[in-house]
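Okay, here's what each chain looks like letter by letter:
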Number of protein chains: 2
Amino acid sequence: MEKQKSVAVVGGGLVGAMNACYLSSRGFKVDLYEARQDIRTMEIVRGRSINLALSCRGRQALKKVGLEDQVVKDGIPMYARMIHDLNGTLRPIPYGKSDQYIMSVDRRKLNETLLTAAEERPDVTLHFQHKLISCDLEKGKLSFKMNGGADVEVTTDLIMGNDGAYSAIRKHMVKRPRFNYSQEYIPHGYMELTVPPHNGEFAMAINYLHIWPRNEYMMIALPNQDKSFTLTLFMPFDMFDQIKTGDDVMRFFMEKFPDSVPLIGEESLKETYFKLPPLPLVSVKCSPYHVSDKAVIMGDAAHAMVPFYGQGMNCGFEDCLVFDEIMEELGNDLSKVLPEFSVVRSPDAHAICDLAMYNYIEMRESVNSRWFLMRKKVDACLHAIMPRVFIPLYTMVSFSRIRYHVVINKAKKQDVLVDNSIQALMALTAVGGGYLAAVAISRHFNINSITDWIHNMADQILK
Amino acid sequence: MEKQKSVAVVGGGLVGAMNACYLSSRGFKVDLYEARQDIRTMEIVRGRSINLALSCRGRQALKKVGLEDQVVKDGIPMYARMIHDLNGTLRPIPYGKSDQYIMSVDRRKLNETLLTAAEERPDVTLHFQHKLISCDLEKGKLSFKMNGGADVEVTTDLIMGNDGAYSAIRKHMVKRPRFNYSQEYIPHGYMELTVPPHNGEFAMAINYLHIWPRNEYMMIALPNQDKSFTLTLFMPFDMFDQIKTGDDVMRFFMEKFPDSVPLIGEESLKETYFKLPPLPLVSVKCSPYHVSDKAVIMGDAAHAMVPFYGQGMNCGFEDCLVFDEIMEELGNDLSKVLPEFSVVRSPDAHAICDLAMYNYIEMRESVNSRWFLMRKKVDACLHAIMPRVFIPLYTMVSFSRIRYHVVINKAKKQDVLVDNSIQALMALTAVGGGYLAAVAISRHFNINSITDWIHNMADQILK
């Protein structure tokens, strides 16, 4: 019998905990190391996080490890964007067909569910308060500092780096020869605020992702299980910097997001705004994701992205699923699986990073334009006519597992198709206009009908 | 009187040595720290370097510190590319007008000239064999390990990071919040070979940059003062890997670069090929280039680029010149100069990194196409007609100080102009063709002339 392989999962966030489940199912002896303490035993979790929107890819990954139902029962479906115009008008724009939705889920709760699920699997041990100090990726060696102070040395068959956007494992990869890497900060930062329940009920329509698009900046809101909403304000840092006092905050919100002020509450708004500084948003791309047959990175460690497509977690979860599919295909041979994972996954991760950056403009600006609304309708119409051939971009990203890089290529082709259709429509309109003009002229010159007139012309020429 | 300001220049390569000259002229007390020993006292300089092609920007920067004449007198002008086709045909393609040239210069000699010039300036001290161990960019603190073993602690008004593509100063910047950074390795590596003098003379035409473009890979050669040529072979790493024996080398060169084999010499070729492994080529972009009023990076530390536009050194030298121009403009106020340098210079450096990547394809592939040759002629023709309005891309990059990012925008507009001109030409050709066809038809139908025929037609319609 083959010796059981060991894996050290570095990071006990969403992707790390999910990988612990997957790798246990594949027969690995799993040790998961997390620098912070066990969030299941913490009263308050420090640090903020953008709300999570679970969609198809994430659900598929949860399903394969048998956790979809458990997670979904605590989620809140969001069927459409709800646009809050400056004058208070509300406009819903559906995400897809009437039965398609993304789901607001609680990050902490989801992380706890995954950790508990991992812990219940065979051969999984969770080690909290273990901070990575050094590692040798080629040799599979890691050393951690325990909270108590003792150092722990580990040698393992596989290092699974799931330690987030500022990954320590990736920092070791960046130093290696011919490793491609980029980190890009956008000019916008984000800040979280809260809309509490009003009279024990949700203060706004529940099944929507609320958006206040103001072109240069925007605010969004996602519903929580406790009937509150978490608001996130995205704005350039230099605009945040200009708001210095409670009065500045009130003036800004009354002018730009007037309908939100009574929902948040004046006092709460003034207080929360200055509690924590706005946080930066980074997009990270790199390749390859592996070192020989010994180490691999996934999730934000491999591809942190701006949060505007709601795909950060979904892509991270899909990483686990794709890795598992490749393990299946290549018979668990890590010397083949790791390079294959890099080849297969990096173009897709690069693509969703780009799409997220693109949606950053769409969410705060394009949704305000009539062209955007018309385009959404044209897309829905074409999708209804040719459901397999024409699939709207948002649908491909959020409601399918079409590879992200294929999504981009397909979307480009579809754009050409739509442009041509619109041109054809305009040409028809022009012909129609020409026809009307011709009728007018024929009446003026006392010619009975336009066809008579054309026949006359043709006769003259051909005779 | 104002207290004299101090600067620690980290790196004694081309850009560091030039900055020592510039900053001395601006009244700084300059200490330059270089990790390696003084190249002026070394017999053989380890490590290889791609040949240098000095052009307008580099010369302007040298000129302002009074070193242009001294450097240029040892250079060899190159007026054109000399294309070596597979069948041995030689085809020159000029770089610009008949009096425009780029200049092959010896990296070591140039570095020595700059170090000696720096040393002769007031208040400049060179410290060799000082390796940077740690630094605090915000506080202007550096510590170096001397070769002997003692540590040197330095506190300075300005840290000038000129320590190359793998810059230690930049590594400290990458860790700072909201610092944008990317490193991209191309699939190609490079290897240097030599064509020695033949019978005491240059073995090939001297005043050219020789190119063997083979689409997927290429070889180039630049003339040296000692009548040798330095050859550089650029090829994907996996192609390098496939050549394993002396016989493989000979087979490859005889098949792909047959005319170069007698020039290099069989024995020398086989020996040199395996002496050192091919080296990687990296493109580095980042921003900003400064930390408060205390630290700034320039040259490869700020923007390493692939070598295909011959602008790495020229851009680095221009950095020094631009910095000096901003110092002049803003009265040496570092708290204003450093942010301004980042704002002004990073879009230009990003642009030339992109252009260099673009030329990577042009040099090995496009030069083989008839379209490319026609385009070069069209460009030269348009430039002759409108010398200020239309300037060929290569001319803007190599023979002007037009800002690199402006070069890209201007080149794009010019491309549209050329495309439209060519379309107009084709339309004229089509009209001409149509005319000929009409004449043929009119003869066939016994109509005397085409104008008669058109007039006949018109009469029929209008009557």
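Remember, it's a predicted structure, so these values are computed and weren't measured experimentally.

### Looking at the overall build of chain A
Here is step 1: A count of helical and extended segments in chain A gives 16 helices and 19 strands.
Here is step 2: Taking all contacts inside chain A whose residues are at least 6 apart in sequence as the whole, residues at least 24 apart take part in 70%.
Here is step 3: With the model as given, the accessible surface of chain A reaches about 22,000 Å², and the carbon-plus-sulfur share is 55%.
Here is step 4: Here chain A contributes 53 positively and 54 negatively charged side chains, and the mean placements of these two sets differ by 3 Å.

### Some thoughts on the relation of the copies chain B and chain A
Here is step 1: For the pair chain B and chain A, the relating rotation is 180 degrees, the translation along its axis is 0.1 Å, and the fit reaches an RMSD of 0.0 Å. Here the copies are linked by what is in effect a two-fold axis. Among all residues of chain B, the minimum C-alpha distance to the rotation axis is found for B:Ser182, at 1.9 Å.
Here is step 2: Comparing interface residues between copies, 100% of those in chain B also sit at the interface in chain A, which points to an isologous, same-surface contact.

### Details of the environment of B:Gln183
Here is step 1: Summarising the element assignment, B:Gln183 is placed in strand β13 (residues 180–195).
Here is step 2: Expressed as a C-alpha distance, the spacing of B:Gln183 and B:Gly331, which sit 148 residues apart in the sequence, is 34 Å.
Here is step 3: If we skip the residues at most four places from it in the chain, B:Gln183 touches A:Val174, A:Phe179, A:Asn180, A:Tyr181, B:Val282, B:Ser283 and B:Val284.
Here is step 4: A polar contact is formed between the side chain of B:Gln183 and the backbone oxygen of A:Phe179, at a distance of 2.8 Å.
Here is step 5: A polar contact of 2.7 Å, which involves the side chain of B:Gln183, links it to the side chain of B:Tyr181.

### A look at the packing of helix α1 (residues 14–25) of chain B against helix α4 (residues 107–120) of chain B
Residue and element names in this part refer to chain B.
Here is step 1: Two elements in contact, α1 and α4, have axes whose closest approach is 8 Å; the angle formed by their N-to-C orientations is 25 degrees. As judged from the angle between their axes, α1 and α4 are roughly parallel. Note on packing geometry: the crossing formed by α1 with α4 is left-handed. Residue-level inspection shows Leu 14, Ala 17, Met 18, Ala 20 and Cys 21 of α1 in contact with α4, the latter providing Arg 107, Leu 110, Asn 111, Leu 114, Leu 115, Ala 117 and Ala 118.
Here is step 2: Of the residues assigned to the contact of α1 with α4, the class counts are ten nonpolar, one polar and one charged.

### Side note on the sheet that holds strand β7 (residues 102–105) of chain A
Residue and element names in this part refer to chain A.
Here is step 1: Spatially, the three strands line up as an open sheet ordered β3-β7-β4, and their pairing is antiparallel. Both edges of this open sheet fall to β3 (52–54) and β4 (76–78), since each of them pairs with a single strand only. Going across the sheet, the axis of each strand differs from the next one's by a mean of 40 degrees, ignoring polarity.
Here is step 2: Of the strand pairs in this sheet, β4 and β7 are connected by three bridges, and their pairing is antiparallel. Along β7, the bridge assignment pairs Ile 76 with Ser 104.
Here is step 3: Against the sheet, helix α11 (residues 312–329) engages β3 and β7, with an angle of about 50 degrees to β3.

### Some details on the sheet that holds strand β18 (residues 290–291) of chain A
Strands belonging to one sheet form pairs held by backbone hydrogen bonds; the direction of such a pair is parallel or antiparallel.
All names here are of chain A.
Here is step 1: As summarised here, the arrangement of the six strands in space is β8-β2-β1-β12-β19-β18, forming an open sheet in which the pairing is mixed. The strands lining the two open edges of the sheet, one partner per strand, are β8 (124–127) and β18.
Here is step 2: Of the strand pairs in this sheet, strand β1 (residues 6–10) and strand β2 (residues 29–33) are connected by five bridges, and their pairing is parallel. What sits directly across from Ser 6, in β2, is Lys 29.
Here is step 3: Contacts between helix α1 (residues 14–25) and the sheet are confined to β1, β2, β8 and β12 (158–161), with β2 contributing the most and set at about 170 degrees to the helix.

### Remarks on the interface of chain B and chain A
Here is step 1: Across the contact, 16 residues belong to chain B and 16 residues belong to chain A.
Here is step 2: Buried area between chain B and chain A, both sides added, is near 1,500 Å², and the carbon and sulfur share of it is 51%.
Here is step 3: Where chain B packs against chain A, one counts zero salt bridges.
Here is step 4: In this structure, the connection of chain B to chain A is made through eight residue pairs in polar contact (both at pLDDT 80 or more).
Here is step 5: The dominant element in the side of chain B that touches chain A, judged by the number of residues it contributes, is β13(B), at eight residues.

### What about α11(A)?
Here is step 1: Under the 1.5 Å per step criterion, the end-to-end length of α11(A) is 26 Å for 18 residues, consistent within 8% with the ideal 26 Å.
Here is step 2: Following α11(A) by one or two positions, A:Gly331 has its phi on the positive side, about 55 degrees.

### Looking at the domain arrangement of chain A
Residue and element names in this part refer to chain A.
Here is step 1: Taken domain by domain, chain A comprises domain 1 (6–72 + 107–180 + 284–364) and domain 2 (369–463).
Here is step 2: With 21 residues of domain 1 in contact, the opposing surface of domain 2 contributes 16 residues.
Here is step 3: Contact between domain 1 and domain 2 buries roughly 1,500 Å² in total, counting both sides, with carbon and sulfur atoms accounting for 57%.
Here is step 4: On the domain 1 side of the interface with domain 2, the three residues burying the most area are Arg 57, Tyr 309 and Asp 348, jointly 37% of the side's total.
Here is step 5: If you look at where domain 1 meets domain 2, you find four salt bridges.
Here is step 6: Between Glu 362 and Lys 376 there is a salt bridge, with the nearest N and O atoms lying 3.7 Å from each other.
Here is step 7: Across the domain 1-domain 2 interface, the total number found is 13 residue pairs in polar contact (both at pLDDT 80 or more).
Here is step 8: Elements supplying a minimum of two residues to the side of domain 1 that touches domain 2: α2 (56–64), α11 and α12 (334–364).
Here is step 9: In the side of domain 1 that touches domain 2, the residues fall into eleven nonpolar, four polar and six charged.

Definitions and limits used
- Residues numbered from 1 in each chain as written.
- Chains lettered and ligands numbered in written order.
- Predicted model: local features only at pLDDT ≥ 70, side-chain atom pairs only at ≥ 80, totals over all residues.
- Heavy atoms only, no water.
- Helix = DSSP H or I, 4+ residues; strand = E, 2+ residues; numbered from the N terminus.
- Contact = heavy atoms within 4.5 Å.
- Areas by Shrake-Rupley, 256 points an atom, 1.4 Å probe, with all protein chains shown as cover.
- Lys, Arg positive; Asp, Glu negative; His and termini not counted.
- Charge placed at Lys NZ, Arg CZ, Asp CG, Glu CD.
- Least-squares fit on C-alpha atoms with pLDDT ≥ 70 in both.
- Polar contact = N/O pair within 3.5 Å; in protein donor to acceptor, adjacent residues only side chain to side chain.
- Axes fitted to C-alpha atoms, helices over the stretch in contact; angles between N-to-C directions.
- Parallel < 35°, antiparallel > 145°, perpendicular 65-115°, else oblique.
- Left-handed = near helix turned anticlockwise from the far one by under 90°.
- Nonpolar A, V, L, I, M, F, W, Y, C, P; charged D, E, K, R; others polar.
- Pairing = 2+ DSSP bridges.
- Buried area = accessible area lost by both parts, 1.4 Å probe.
- Salt bridge = Lys/Arg side-chain N within 4 Å of Asp/Glu carboxyl O.
- Expected span 1.5 Å × (residues − 1).
- Domains from an automatic or database assignment.

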